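# Notes for the structure review
Now for the letters of each chain:
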Amino acid sequence: MISAKKNNFIVEYRPSAIRAARISSETAPTVVEEVVEIDLSKDDSPASTIRAFAKAKSNACMHAHSVVYPEGRLVRQVLLDAQRGKEVDFVMDFLRKAGGVDPEKFAAYCLSAADGSEIDLAAFNKKEILVCGASKEEVSGVQRELVEKGIYPRRLELGTLGTIGALRDAIGGDAGRSPVLFLEIDQKFTNAVIVGPKGVEMARRIDCGAIHIAQALKEEMNLKDEAAAEKILQSRDFDLGPIAPKLLRKLLRELQSSIGFFEVQTGSSVSELYCLKDGRFLPWLEGSICDLLNLSPLPLDLSAWLEGKGVTFSSEEVGAKIDNTWLSLFSLVLEFGKGKS
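Described in the following lines is the structure provided in the data block. Given the structure is predicted, the values throughout are model-derived calculations rather than measurements.

Throughout the structure, instances matching the rule amount to 17 salt bridges. One salt bridge connects glutamate 33 with arginine 22, and the closest N-O pair in it is separated by 3.0 Å. With a gap of 11 residues between them, glutamate 33 in strand E3 (residues 30-39) and arginine 22 in strand E2 (residues 17-23) connect regions that are remote in the sequence. Overall, the relative accessible area of 17% leaves arginine 22 in the buried class.

Here you go:
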């Protein structure tokens with residue numbers, strides 16, 4: 001059974017957590033009336049929690065626009081180097097060889113790297129594009145998981161793209177502003193995206209993720225398994241800064257190479273960092289990467305930025321429940337540039 005659409009809801013769904021908000025309108029201007037965060041490692045019945053939040057019946061689902069993070073999602077900047085009429089073949093070849101996916105089983109989209117708008121490859125007159133998407137099987141799996149947890153996804157979006165759009169808007173259009181490095185650290189890989197006033201200036205995948213950091217910590221501290229290491233990594237009681245160069249060696253090597261190449265090619269310097277590990281900030285991780293790469297944390301006042309976009313909170317109590325990691329969720333109610341997404 002699907003619940004009546006009396007209220008508007010937005011959801012961010014990750015393997016580790018669900019975040020949801022009840023809002024007064026599907027698009028800005030809107031008021032955030034209530035929010036909830038569910039730790040899926042601790043909540044034995046997330047569907048019950050969602051239904052209680054939505055005031056839905058025990059056999060009903062909460063309608064929601066949703067941002068999701070399929071494990072095999074792809075967000076890559078590509079230099080479109082193809083003869084006229086061969087652009088689609090070029091992208092298909094990229095998906096097979098560089099993306100490692102079967103184009104027939106993959107829902108792929110081509111966007112402008114400048115403004116996020118979906119493009120017609122044959123008519124597009126710029127070389128830099130974003131190729132993004134996810135496997136159709138993974139998308140279907142995410143939809144099933146949402147329904148199992150009491151959520152009926154009225155719309156699905158890739159959370160990575162929503163975050164990029166929000167960061168691009170927050171940075172602004174000042175041509176003299178330095179770009180920001182956005183790191184999205186998942187279990188098996190890291191998405192590294194350089195976002196500047198011109199849009200996405202670099203987007204690549206690094207085959208080093210949270211499990212690699214946990215393995216390095218396990219070896220460094222002689223722990224019994226990666227689970228113990230991951231528990232320490234998530235803790236705010238441990239300062240892992242002194243051993244960060246060892247834990248992050250592989251990731252840092254790839255980042256230094258990418259940033260160095262970007263700065264030589266463009267003459268621009270990356271100055272700030274927005275870093276999420278499974279959707280959360282870890283102070284030691286952000287601080288260590290900033291120190292080792294000579295960056296500063298992105299000084300984003302999320303509440304002030306949202307207010308400027310027409311998104312307000314019903315009370316100070318509701319507003320106090322969020323931090324800068326909720327950026328992707330609220331991107332669902334906003335429109336950015338020509339892309340409108």
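Now that the structure is up, let's keep going.
All right, on to helix H6 (residues 226-234) then. Residues of H6 that are buried: Ala229, Glu230, Ile232 and Leu233. End-on, the buried residues of H6 take up no more than an arc of 160 degrees, which puts them together on one face. Pointing more than 90 degrees away from the buried face of H6 are the exposed residues Ala227 and Lys231. Looking at the packing, one finds that the buried side of H6 touches helix H5 (210-221), strand E12 (272-277) and helix H9 (283-293). Looking at where H6 begins, the residue whose side-chain oxygen comes 3.2 Å from the main-chain nitrogen of alanine 227 is aspartate 225.

Further remarks concern the environment of phenylalanine 90. Positionally, phenylalanine 90 belongs in helix H2 (residues 87-97). Residue classification places phenylalanine 90 among the partly exposed positions, given a relative accessible area of 25%. In contact with phenylalanine 90, other than residues within four places in its own chain, are Val78, Leu79, Leu80, Asp81 and Ala82.

Tracing the chain through its elements places serine 25 in the loop between E2 and E3. The exposure class assigned to serine 25 is partly exposed, which follows from its relative accessible area of 25%. Taking the C-alpha atoms as reference points, serine 25 and valine 131, 106 residues apart in sequence, are found 31 Å from one another. Sequence-distant contacts of serine 25, that is, excluding residues within four places in its chain, are made with Asn8 and Thr30. There is a polar contact of 3.1 Å between the side chain of serine 25 and the backbone oxygen of threonine 27.

Cut-offs used in this document
Residues numbered from 1 in each chain as written. Predicted model: local features only at pLDDT ≥ 70, side-chain atom pairs only at ≥ 80, totals over all residues. Heavy atoms only, no water. Salt bridge = Lys/Arg side-chain N within 4 Å of Asp/Glu carboxyl O. Helix = DSSP H or I, 4+ residues; strand = E, 2+ residues; numbered from the N terminus. Buried < 20%, exposed > 50% of the residue type's maximum accessible area, 1.4 Å probe, protein only. Arc of directions from axis to C-beta. Contact = heavy atoms within 4.5 Å. Polar contact = N/O pair within 3.5 Å; in protein donor to acceptor, adjacent residues only side chain to side chain.

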